[in-house]
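Fold and contact review
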Amino acid sequence: MLRYILNRTLRSILTVVIVFVTVFMLLRFMPLNGYFTDEMLKVSDEQTRMAYLRNQGLLDPPFSQLWRFVKNLFAGDLGRSLTVYPKVPITILLCEKIPVTAAFGAASLVLGMTLGLLMGMFMARYKERLGDTLGTFYVVFVRAVPSLIYLFFIQVWVSGVLKLPLVFYEDRPESWILPTICLSLGSIAWYAIWLRRFMVDEENRDYVKFAMVKGLSKKYVLRRHLFKNAIIPIAIYLPSDILFIISGSLIIESLYAIPGTGGLLTKAIQKQDNNLVQVIVLMYAILSVLGVFLGDLLVAFVDPRIRLTEDEG
Amino acid sequence: MKSETVKNMDVLLRPEKFRAAVFDRTASEEGGFSNYSYWRSTIRTFFRSKFVVFIVALIGMLILMAFLYPALSKTDPGAISTNPMTWNKRPNADHWFGTDSIGRDIWARAWYGTRNSFLLAFFIACSDVGVGTVVGALWGYNKKMDPVMIEIYNVMTNIPSTVYLVLLAYIMNTSFLTLFIAMASRGWIVEARFFRNRILSIRDSEYNVASKCLGTPMRRIVSRNIIPHIVSLIIMETALVIPYSISSEVFLSFIGIGMPVDAVTLGNIVNQGRSSFALHPYQMLLPTAILCVITIAFYVIGNKFADASDPRNHV
Amino acid sequence: MRNVILSARDVEIKFRLREKVLTAVRGATLDLYEGETLAIVGESGCGKSVFTKSFIGMLDKNGWVSGGSLLYRGEELTRFKTEREWLRIRGKKIAMVFQDPMTSLNPVRTVGEQIAEVIVWHFGTEHEQAKREAVEILRRVGIGDAEYRYQQYPHEFSGGMRQRVVIATAIACRPEILICDEPTTALDVTVQAQILALIKQLQKELKMTVVYITHDLGVVANVADWVSVMYAGQIVEYGTSRDIFHDPRHPYTKALLQSLPQLGVKGCDLYSIKGTPPTLYKQITGDAFAPRNPDAMEIDFEAEPPMFQVSDTHCAKTWLLHPFAREHAEKLNFAEEARKKEAVAAQAPPFDYCKADKLLSVRNLTVKFRLSHREFKAVDNVSFDVYRGETLSLVGESGSGKTTIGRAVMKIYQKAEGEIEYAGKRIDGKLSKQERRELHLHLQMIFQDPMASLNERAKVDYIVSEGLYNYRLFANEEERMRRVEQIMAEVGLNRDFISRFPHEFSGGQRQRIGIARSLVMNPDFVIADEPISALDVSIRAQVINLLNKLKKERNLTYLFIAHDLSVVKFISDRIAVINKGRIVEMATCDELFLHPLHPYTKALLSAVPHPDPDRERAKELLVYDASIHNYKIDKPVWCEITDRHFVFGNRYELDMYREELGI
């Protein structure tokens, strides 16, 4: 077990390093004009632009830029924003934005998991009945249709129906409700469909039949055998869910004007703030690797089969 | 009823019936067999549900329309009107679904957009699944590729797809080609992993070992033993990548790094409609409807086909 | 005093399967007596499992009891509607054990929990108390260190141990009836014997009624007081186990017993049942077995026979017992006597090894596998020869490495160490493409699982001629067709089968297709990897006969891989016994059965089930314990102890063996 964790940790670190270097280098491939918005291109001439780039150290060889970035990183300095909040250190920006995004993410993670698992269990319990069909409709809709579309309509219509604010206000708690629900819609579908599938799969296993033969009631078997076994593989999907929420936060934070990192990234992209994009993308990537890593550990802890035999691949 | 059977019995129970009967060898072999062909059963199972027939017909019509309209109609989807009178027109006889904020015909734009978005998605799906199958096959047959490929897979899938797309689209100047590159450069690895696992299980299956023992050359093993078993998977995966790609395009347009503003794609049309939604909600109606139908239809078709191609569900 | 505990009358069970209705049980009648053992025998799909599942209301969702009655202690079980009613009986009064112990237990809960929960559920016992009881039960089923093992997970147990746990779970509530659905089919022979002994002992202690469902007549002979034979959803014969084994009346029972290799005469064809079992989708008129019975009477095709009483304890459902059929029955008996005499006379002489030449020679073969960072030897330093024209059998339990040896010879594994020589040429190491092709032209393989070894997406035509295509063994399409049709006829398949897909065939037919595929290229040497173990009892004899016939006609050499000693005894000239990757003993068939030396061989032989109740009950089970070998100082060697009798042992053991042989 210890060896497994160690092995997994080292591999995650390797992945992070590769992701880090790749993302950093990819950004260096960007044409130099990409550092400027269209307006900036119109007003400035070639020389001022080059001077600006040189000043920012962007004309140095990529590797020395990387080195400098890493050195600064360990000193707690992530560089400064270029255009969105000119000259503001990114660390300060992040300190301000991360708590908001994290709060939303965590809230919708919990909400999504609870509702999703309940819904999945319900769908498996009433398989091929009305509840299951409705649930399937929901899942198909959420997973197939571009999220932007239904998120937009929810914002426009549901907020009117429920008399909730259209955008986010930090001092009005009711304005938190809608974005959190929106953010968890995808996760709900995700958990529901997987749990349903696993439970239906498990249902046909011999051990479930044997448990029934033992004279245990269907309800008891469902709760004590089926659910527990079906929930274990769900743990694998936890990291994917984190990725899901990160993706969703990009849209939702800008739809509701939430001052979080997702909205910041969108803004940074629109304003060509290269430094900011770089840091946020890296942060997201590392967060995702961490999520996957934690998911694997979680599975290893709950599943006695992996706990002892490791992987057989 | 009862007395009748008893009477019947009496008729049957005659001594001459207790003689040896002729043994029929073929009759003794009866029993095991049913008339079965994999593809016939798959297609039949697939179309058994009325809903699937409806969806397939619907999507067929949509795509036909999306390709016929640009070929037959003379309306220019990008024609900007300088006359403010023609801006933001409600649906009328000339413009069935109205015009947008600079007087472009939404009906025409929707079909052009559908065509372009569908083509983009279709190319991406073909490339993802095509590359994925080939790489997956190589990977499945070559254990040495494992460490490298798994690392690539981890790196690629550990980054949220949206963040990856944002990054690539941000770096490159967006156009049909770069968007294609951005999306296609990620999808293949997921498909490759999927096909690798499938091919691995086929490779180690007994019938494949049997073929090797018979000295069957590689190319015939591929064409007879492997491809027929993954064709249904290829179809299914292609159908599932399409809605995903269309969604990605819409997402990128929203973030502001999708296709250039003057390109006619569903993503652009929907986002333009969104910005004027408060005043002219009808502008979003048609493109959104088409978008929903197309993505749901492909998603459903992919999943239903996956079910139908599983022999356990066959009739 | 014999008390009826459960009585089933004309039970009919139907299933709805893909919009068709299938009658799985067509009026079965049965009585269970307190404290006695009944075995229900039949091949797969005959409805034996479904029938017993209806006793506890565990039919699949799409099935229902459509007629008849099931009376358990005065309660009519067919009237049960709600789950609550069933829960009073299921598990508590009537318990069941499944076939595969590997899948019967929940993999993520400890075995102890799974036993304790039944006790808690049915008796409302306190948890601590239930735990103590569970440990007691574990001890009772022969699991040592029960307290420690209580908290282990199923995957930490071996197959036999898991089956013990499953049995422990089933008897946790001291049920009155224990239904064992093929309890030992998934287990090795030696383990099988132990499990059967355990069930017998528990039955005595707890005074249970036990119902066995099995296809293995050896098991039946061992355990059953009563036997009922099922065919196509009906009980066709019912009696004490002596009645059934010594005086079978129904043609199906007779055929089943006669087709057993234990009763066959070497060198002659086994009696084989023709054809395949009927599909239950169709309406069956008359005696369901009639189409496969060459001695059927006309009446058999027209009317269903009633149950005829043979004696107080014995009855059979066949027209042969009708007074009108006396003449026909006498004729059959006469013919059978004649056949038996003929068979004894035709006994083939043993294989002559003096004149034989070596076709395949394997020296110091070692195959290693890696399993999650650990390397283990699947085959460890194995040496043997195969002579032209003989059948050498490799016998061993699952995981002994016997299949690996066959596959190493076929060059399926690249990394095998040691020397392999075929017809005087070295074939180990890297071969050129040409050499490999050449080799596969002479060396062919028949696979175990006829379901997995045929490509589902190819027609029989292609499957059979695959080898022909590979070597261009035909001048034109016509010749190819001719050869395909010829081999199809040789394996006894209809020629129009070639345009069909493998899915359409039953197991036996598929295995014959597999054999046709391997033999169409006229190989000299065939490795048959458990070719009959996945087949139904009534089909096995067909395939054994076919293999023997082809061997004679084509002068083939077989390397026969099997776990079933009775089949091996019938088919082979020499036998090699494998344990844990090593051949521990090798001798001619007769010699091995007469003078087994290695303790493992002895254990294996003692465990072989025999279709004779008297013999089965008298038999003494030997248990092999690997720790009796002390190989620390005195290293074991592979030694030819007498002519062509090899055994694996160290100097001390060899001396002992010599003493045993009297030399």
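Since the model is a prediction, treat every value here as computed from it, not as a measurement.

The helix and strand tally for chain A stands at 13 helices and zero strands. If you list the helices and strands of chain A from N to C, you get α-α-α-α-α-α-α-α-α-α-α-α-α. Expressed along its principal axes, the backbone C-alpha trace of chain A runs to roughly 85 × 55 × 30 Å. The buried share of chain A, reckoned over its 313 residues, is 51%. Counting contacts in chain A only where the partners sit at least 6 residues apart, residues at least 24 apart contribute 68% of the total.

Before going further, it helps to spend a moment on the environment of Leu 597 of chain C. Residue and element names in this part refer to chain C. With respect to the helices, strands and loops of the structure, Leu 597 is situated in the loop between helix 21 (589–594) and helix 22 (599–607). Exposure remark for Leu 597: the relative accessible area of 2% places this residue in the buried category. Considering only alpha carbons, one finds Leu 597 and Val 584, 13 residues apart in sequence, at a separation of 9.5 Å. Excluding residues that lie within four positions of it along the chain, Leu 597 makes contacts with Glu 585, Lys 602, Ile 641, His 645, Val 647, Tyr 657, Glu 660 and Leu 661.

What follows concerns the pattern of salt bridges. Pairs can form between side chains of opposite charge once their charged atoms are near each other. Here the structure, examined in full by the defined rule, presents 42 salt bridges over all chains. Notably, a salt bridge pairs Arg 426 of chain C with Asp 428 of chain C, separated by 2.7 Å at the nearest N-O pair. Arg 426 of chain C gets classed as partly exposed once you look at its relative accessible area, which sits at 45%. Here Lys 551 of chain C makes a salt bridge to Asp 573 of chain C, at a shortest N to O gap of 3.4 Å. Placement of the pair is Lys 551 of chain C in helix 19 (residues 537–554) and Asp 573 of chain C in the loop between helix 20 (565–571) and strand 21 (574–579), with a sequence separation of 22 residues. Residues participating in the shared-partner salt-bridge network are Lys 214 of chain A together with Arg 109, Glu 113 and Glu 117 of chain C.

Take the sheet that holds strand 18 (residues 443–446) of chain C next. Residue and element names in this part refer to chain C. An order of 18-19-20-15-21-22-24-23 is seen for the eight strands of this open sheet, with the pairing classed as mixed. The two strands at the open ends of the sheet, each matched to only one other strand, are strand 18 and strand 23 (637–642). Each strand axis lies, on average, 20 degrees off the axis of its neighbour in the sheet, ignoring direction. Bridge count for strand 22 (residues 582–588) against strand 24 (residues 645–649) is two bridges, and the pairing is antiparallel.

The next thing to look at is the pairing of strand 16 (residues 416–422) of chain C. Residues and elements named next belong to chain C. Sheet topology note: the strand 16/strand 17 (residues 425–426) ladder contains two bridges and is antiparallel. By the bridge assignment, Tyr 422 is partnered in strand 17 with Lys 425. The turn joining strand 16 and strand 17, which pair antiparallel and follow one another in sequence, is formed by two residues; a positive phi near 50 degrees is taken by Ala 423.

Let's shift gears to the sheet that holds strand 8 (residues 209–214) of chain C. Residue and element names in this part refer to chain C. Judged by pairing direction, the sheet is mixed, and its eight strands sit side by side in the order 6-7-8-3-9-10-12-11 without closing on themselves. Looking along the sheet, the strands with just one partner apiece sit at the ends: strand 6 (94–97) and strand 11 (308–309). Relative to strand 8, strand 3 (residues 37–41) runs parallel, the two being bridged by five bridges. Bridge pairing in strand 8 links Leu 38 to Val 211. Helix 7 (residues 159–171) contacts strand 6 and strand 7 (177–181) of the sheet and is inclined by roughly 170 degrees relative to strand 6. Packed on one face of the sheet, helix 11 (residues 251–258) meets strand 9 (226–231) and strand 10 (234–240) and runs near 100 degrees to strand 9.

Here we come to the confidence of the model for chain A. On average, residues of chain A score 83 in pLDDT, and 95% of them reach the 70 mark or higher. A low-confidence stretch, residues 308–313 of chain A stays under pLDDT 50, and its non-local contacts, those more than four residues away or across chains, total seven contacts.

Residue and element names in this part refer to chain C. Phi is positive for Lys 207, close to 55 degrees, though the residue is something other than glycine. Note that Lys 207 resides in the loop between helix 8 (189–206) and strand 8. Look at Lys 207 and you get exposed, because its relative accessible area is 66%. A positive phi angle is found at Lys 411, which is not glycine, with a value near 65 degrees. Along the polypeptide, Lys 411 turns up in the loop between helix 14 (402–409) and strand 16. Among the residues examined, Lys 411 registers a relative accessible area of 8% and is labelled buried.

Definitions and cut-offs
- Residues numbered from 1 in each chain as written.
- Chains lettered and ligands numbered in written order.
- Predicted model: local features only at pLDDT ≥ 70, side-chain atom pairs only at ≥ 80, totals over all residues.
- Heavy atoms only, no water.
- Helix = DSSP H or I, 4+ residues; strand = E, 2+ residues; numbered from the N terminus.
- Buried < 20%, exposed > 50% of the residue type's maximum accessible area, 1.4 Å probe, protein only.
- Contact = heavy atoms within 4.5 Å.
- Salt bridge = Lys/Arg side-chain N within 4 Å of Asp/Glu carboxyl O.
- Pairing = 2+ DSSP bridges.
- Axes fitted to C-alpha atoms, helices over the stretch in contact; angles between N-to-C directions.
- pLDDT = per-residue confidence, 0-100.

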